[in-house]
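# An overview of the molecular structure
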Amino acid sequence: MHELEYPFDAEYILKKKKSIRRKLLEERNDFTDKRIAILGGSTTANIKLCLELFLLNQGIRPSFYESEYNMFYEDAMFGNEELDNFHPDIIYICTSNHNIQNYPTVGMSDNAETTHNVSDKKMESADGAMDKVTAEDLLNVEFSRYETMWETLRQKFNCPIIQNNFEMPYFRLMGNRDAWDPSGRVHFLRKMNERFAEYAASHEGFYICDIEYISADYGLKAWSDPFYWHMYKYAVAVPAIPYLSFNVSNIIKSIFGKNKKGLVLDLDNTLWGGVIGDDGVEGIKIGPEESEGQAYWEFQNYLKNLSGLGILLAVNSKNDENVALAGLESSDNVLHPDDFAVIKANWEPKGQNFSEIANTLNLLPESLVFVDDNPAERANVEGFLPGVTAPEMGEAYQYIERLDRGGYFETTLFTADDAKRTEMYKENAKRSAEMSRFTDYSDYLKSLEMKAEIGPFVPLYMPRIAQLTNKSNQFNLTTKRYTEDEIRLAADDPSRITLYGKLADKFGDNGVVSVIIGQIKGDECLIELWLMSCRVLKRGMENAMLDALLTECKKRGIKTVRGIYIPTAKNGMVKDFYGTMGFTFEEESEDGTTTWILQVDGEQKFEPYYIKMIEGENR
């Protein structure tokens with residue numbers, strides 16, 4: 001819904017919350033349901049309502065637990081039956097600088113010998129002055145309060161936690177000195193934010209909502225307007241609430257695998273200024289020598305950095321291919337043909353080209369963002385492929401802002417596989433070209449010289465395994481989602497069988513591409529998760545994974561394997577998968593869920609599949 005995409009009209013969203021919600025629920029039925037607990041240090045009612053809208057727009061249907069006003073700490077530390085019974089999938093701690101209990105006072109230092117406990121120090125003398133307690137002591141005590149709360153919540157709920165850091169104060173008692181003096185609130189809050197960041201860097205499943213940045217981006221004076229605190233106990237000005245909620249929703253959708261995967265880019269007046277077919281390579285505007293060219297040059301640098309995060313880049317241009325390639329090969333460009341997984345330059349409708357790009361990459365069209373300066377072309381793609389995002393880009397100097405603030409690629413997890421994703425898709429294109437040389441598919445598979453590593457979950461691959469469970473939608477039989485903590489628990493659970501599968505061939509390493517989790521109940525193994533990356537479909541990896549599962553079942557004396565297929569809007573391709581793998585159909589429920597049974601006996605080997613098994617180095 002365009003109304004909920006950046007740049008959005010915050011006033012409109014606040015005014016039309018109910019009608020927007022109703023429309024979102026009517027327009028789609030393929031939501032992922034999640035339970036979200038909001039533990040607030042201020043009033044959070046409108047934050048919750050706006051958060052729901054953005055999550056619905058991102059395909060997540062939330063249900064909420066909301067703490068009473070400023071009861072975030074009590075709910076976390078002292079137990080709450082309603083929260084306990086809610087069993088949150090994610091916890092959002094919505095605090096602000098209003099929730100700091102002890103700020104330093106003028107004249108305090110932070111260079112004395114300190115401890116992490118000030119209970120044995122005199123906090124206040126008879127005349128009210130601070131005594132024997134340094135600013136560092138207060139920092140330790142304040143941080144310890146939050147750290148203890150996070151650890152308690154992790155132990156109790158074992159789910160991701162999102163924590164606001166702190167916005168800067170809306171006044172500076174010492175002016176600019178506040179930034180460095182140990183007594184300054186600015187200095188104190190920045191130190192707290194550093195501590196929060198250090199905790200996030202060392203703890204999986206903990207995420208910072210960076211309101212220090214968001215409030216600065218919005219405008220601190222407007223964000224911290226004291227009227228809304230005094231009147232309604234909102235720590236953030238009501239007009240700014242959609243911006244806060246939008247940022248929180250981006251973290252949540254990223255955790256649950258709802259990020260976009262790539263950008264499909266126009267060329268003329270998008271990657272450079274001018275029309276290359278008319279102006280020629282020498283006539284296009286790109287580079288830091290002139291103001292217009294610098295805007296495009298900086299945009300290309302931004303895209304280059306995004307590709308380093310594993311964001312795929314593709315070209316969709318109305319141009320002769322040789323003309324488009326000549327432009328990309330120009331030395332003035334930051335991006336060159338090798339930076340793009342696919343280049344489509346022709347005179348076909350852009351909606352058709354976009355669809356073909358998605359097919360080539362074996363991705364759903366809605367997982368790609370279309371970037372084009374021309375509103376007519378954006379409308380063509382959106383009309384041809386409902387669900388595709390084509391943001392309004394504005395002027396060239398606004399391109400970075402529109403994509404960056406849009407939150408399409410919020411990074412909550414970054415793996416080695418992410419860093420080389422573009423190379424993986426280029427290797428896939430080579431495999432497709434190789435396949436076209438063969439008339440016999442078996443000969444093609446043999447030519448790939450495939451090698452697989454299959455084994456129980458190991459720590460090195462757990463981040464990637466968790467990422468796959470949240471991103472894979474098409475070849476995913478149950479579409480269950482797991483956090484990294486839950487993956488670790490499954491790996492340590494003796495009643496579960498866990499398997500990862502890596503696949504490499506002569507063109508390169510695809511990384512971890514398949515995951516199975518089986519729950520042992522008596523002499524039966526229930527497959528609670530089986531997924532595979534679509535880029536390795538029909539190469540025999542599914543057969544190899546089933547062989548590995550059956551081998552492990554035999555070791556454990558398991559007699560039968562039960563498989564369940566739960567239909568979604570995106571996994572129809574595996575509706576009959578169990579049947580093709582030799583399972584016997586058992587039953588189908590009213591919602592289309594089917595159950596299948598396989599006896600673990602006799603020779604289960606699938607022949608032929610042309611994969612050589614290798615021992616994992618990290619087993």
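### Quick word on the overall build of the chain
What the chain contains, in helices and strands, is 24 helices and 17 strands. What you see for the chain is a C-alpha radius of gyration of 27 Å, in line with the 25 Å of a compact globule of 619 residues. Overall size of the chain, expressed as C-alpha extent along the three principal axes, is 90 × 75 × 50 Å. Within the chain, the proportion of its 619 residues that are buried is 55%. Per element, the accessible surface of the chain, about 27,300 Å² overall, is 47% carbon and sulfur. Distance between charge centroids for the chain: 3 Å, based on 68 positive and 98 negative side chains.

### So, the confidence of the model for the chain
Mean pLDDT over the chain works out to 90, with 95% of the residues at or above the 70 mark. For residues 112-131, every residue scores under 50 in pLDDT, and the model assigns this stretch 30 contacts once sequence neighbours within four places are set aside.

### Examining the side chain of Thr270
Assignment of secondary structure puts Thr270 in the loop between strand S6 (262-265) and helix H12 (276-279). A relative accessible area of 1% places Thr270 in the buried class. There is a polar contact of 3.0 Å between the side chain of Thr270 and the side chain of Asp266. Only 3.2 Å separates the side chain of Thr270 from the side chain of Asp373, close enough to count as a polar contact. In this view, Thr270 contacts Tyr296, Phe299, Val371, Asp372, Asp373 and Tyr399; residues no more than four positions away in its chain are not counted.

### Remarks on helix H15 (residues 350-361)
Given 3.6 residues per turn, any residue in an α-helix points the same way as the ones three and four places further on. Between its first and last C-alpha, H15 extends 16 Å over twelve residues, near the 16 Å set by a 1.5 Å rise per residue. Considered for burial, the residues of H15 that qualify are Lys350, Gly351, Asn353, Phe354, Ser355, Ile357, Ala358 and Leu361. Summarising the contacts, the buried residues of H15 are in contact with S6, strand S7 (312-318), strand S8 (342-346), strand S9 (368-371), helix H16 (375-384) and helix H19 (421-435). Two residues or fewer after H15 comes Asn362, characterised by a positive phi angle close to 60 degrees.

### Topic: the sheet that holds strand S2 (residues 60-66)
The strand order S2-S1-S3-S4-S5 describes an open sheet built from five strands, whose pairing is parallel. Single-partner strands in this sheet number two, and they are S2 and strand S5 (206-209). The average angle at which neighbouring strand axes cross in this sheet is 25 degrees, direction not considered. As judged from the five bridges shared by strand S1 (residues 32-40) and strand S3 (residues 90-94), these two strands associate in the parallel manner. From the neighbouring strand, Ile36 faces S3, where its bridge partner is Ile90. The strands touched by helix H6 (residues 135-157) are S1, S3, strand S4 (161-164) and S5; relative to S4, the strand with the most contacts, the crossing angle is about 160 degrees.

### Quick look at the packing of aromatic side chains
The tally for this structure, following the rule as stated, stands at 38 aromatic pairs. Look at Tyr199 and Phe206: their rings are 4.8 Å apart centre to centre, the planes differ by 80 degrees, and that puts the pair in the edge-to-face class. Phe206 matches Tyr199 in its accessibility class, with the two residues each being buried. Between Tyr296 and Tyr399 the ring centres are 6.2 Å apart and the planes differ by 70 degrees, which places this aromatic pair in the edge-to-face class. One end of the pair, Tyr296, is in helix H13 (residues 291-308); the other, Tyr399, is in helix H17 (residues 399-406), with 103 residues separating them in the sequence. For Tyr296, a relative accessible area of 5% gives the class buried. Given a relative accessible area of 3%, Tyr399 falls into the buried group.

### A closer look at the environment of Tyr170
Residue placement: Tyr170 occurs in the loop between S4 and helix H7 (185-202). Sequence-distant contacts of Tyr170, defined by excluding residues within four places in its chain, comprise Ser224 and Pro226.

### Section: the pattern of salt bridges
A complete count under the given rule lists 26 salt bridges for this structure. For Asp33, the salt bridge identified is with Arg61, shortest N-O distance 2.6 Å. On the criterion of sequence distance, the pair formed by Asp33 in strand S1 and Arg61 in strand S2 is long-range, its members being 28 residues apart. The class of Asp33 is partly exposed, set by a relative accessible area of 46%. Ionic pairing is found between Arg405 and Asp217, a salt bridge with its closest N-O pair at 2.9 Å. Within this pair, whereas Arg405 is found in helix H17, its partner Asp217 is found in helix H8 (residues 211-218), the two being separated by 188 residues in sequence. The partly exposed category is assigned to Arg405, whose relative accessible area is 23%.

### Focus: the side chain of Asn510
Tracing the backbone through its elements, the reader meets Asn510 in strand S12 (residues 508-521). Excluding its chain neighbours within four sequence positions, the residues that come into contact with Asn510 are Met424, Arg431, Leu503, Ala504, Asp505, Arg535, Val536 and Arg539.

### Some details on a negative patch on the surface
Among the surface-exposed residues, Glu289, Glu290, Glu292 and Asp332 lie close enough to one another that they form a single negatively charged patch. Counting through the fold element by element, Glu290 comes out in the loop between H12 and H13.

### As for the nonpolar core
In terms of nonpolar packing, the biggest core is built from 42 residues, with Ile162, Leu244 and Ile252 touching the most fellow members. Contributing elements (two or more residues each) for this core: helix H1 (10-15), helix H2 (17-27), S1, helix H3 (45-57), S3, S5, H8 and helix H11 (241-255). Leaving out residues up to four positions away in the same chain, Ile252 has contacts with Ile36, Leu51, Leu55, Ile60, Ile90 and Ile162.

### A look at the packing of helix H21 (residues 462-471) against helix H22 (residues 484-492)
Viewed as axis vectors pointing N to C, H21 and H22 meet at an angle of 115 degrees, and their least axial separation amounts to 9 Å. When the axes of H21 and H22 are compared, the pair comes out roughly perpendicular. As for how H21 packs across H22, the hand of that crossing is right-handed. Mapping the contact onto sequence places Met462, Pro463, Ile465, Ala466 and Thr469 in H21 and Glu484, Ile487, Arg488 and Ala491 in H22. Residue composition of the contact of H21 with H22, grouped by class: six nonpolar, one polar and two charged.

### Section: the environment of Ser367
Counting through the fold element by element, Ser367 comes out in the loop between H15 and S9. Beyond its immediate chain neighbours, meaning those up to four positions away, Ser367 contacts Lys260, Lys261 and Gly262. A polar side-chain atom of Ser367 sits 2.6 Å from the main-chain carbonyl oxygen of Leu364.

### So, the sheet that holds S12
Taken together, the eight strands give an open sheet; going across it, the order is S15-S16-S14-S13-S12-S11-S10-S17, and neighbouring strands pair in mixed fashion. Pairing within the sheet leaves two strands with one partner each, and these edge strands are strand S15 (584-588) and strand S17 (611-613). Between one strand axis and the next, the sheet turns through 30 degrees on average, direction left out of account. Where H21 meets the sheet, its contacts fall on strand S11 (496-505), S12 and strand S13 (524-532), and the angle it forms with S12 comes to roughly 80 degrees.

Conventions we followed
- Residues numbered from 1 in each chain as written.
- Predicted model: local features only at pLDDT ≥ 70, side-chain atom pairs only at ≥ 80, totals over all residues.
- Heavy atoms only, no water.
- Helix = DSSP H or I, 4+ residues; strand = E, 2+ residues; numbered from the N terminus.
- Rg over C-alpha atoms; globule rule 2.2 N^0.38 Å.
- Buried < 20%, exposed > 50% of the residue type's maximum accessible area, 1.4 Å probe, protein only.
- Areas by Shrake-Rupley, 256 points an atom, 1.4 Å probe, with all protein chains shown as cover.
- Lys, Arg positive; Asp, Glu negative; His and termini not counted.
- Charge placed at Lys NZ, Arg CZ, Asp CG, Glu CD.
- pLDDT = per-residue confidence, 0-100.
- Contact = heavy atoms within 4.5 Å.
- Polar contact = N/O pair within 3.5 Å; in protein donor to acceptor, adjacent residues only side chain to side chain.
- Expected span 1.5 Å × (residues − 1).
- Pairing = 2+ DSSP bridges.
- Axes fitted to C-alpha atoms, helices over the stretch in contact; angles between N-to-C directions.
- Phe/Tyr/Trp six-rings, centres within 6.5 Å; stacked < 30°, edge-to-face > 60°.
- Salt bridge = Lys/Arg side-chain N within 4 Å of Asp/Glu carboxyl O.
- Patch = residues over 30% accessible without salt bridge, like charges linked within 9 Å, V, L, I, M, F, W, Y side chains within 5 Å.
- Core = buried A, V, L, I, M, F, W, Y, C linked by side-chain atoms within 4.5 Å.
- Parallel < 35°, antiparallel > 145°, perpendicular 65-115°, else oblique.
- Left-handed = near helix turned anticlockwise from the far one by under 90°.
- Nonpolar A, V, L, I, M, F, W, Y, C, P; charged D, E, K, R; others polar.

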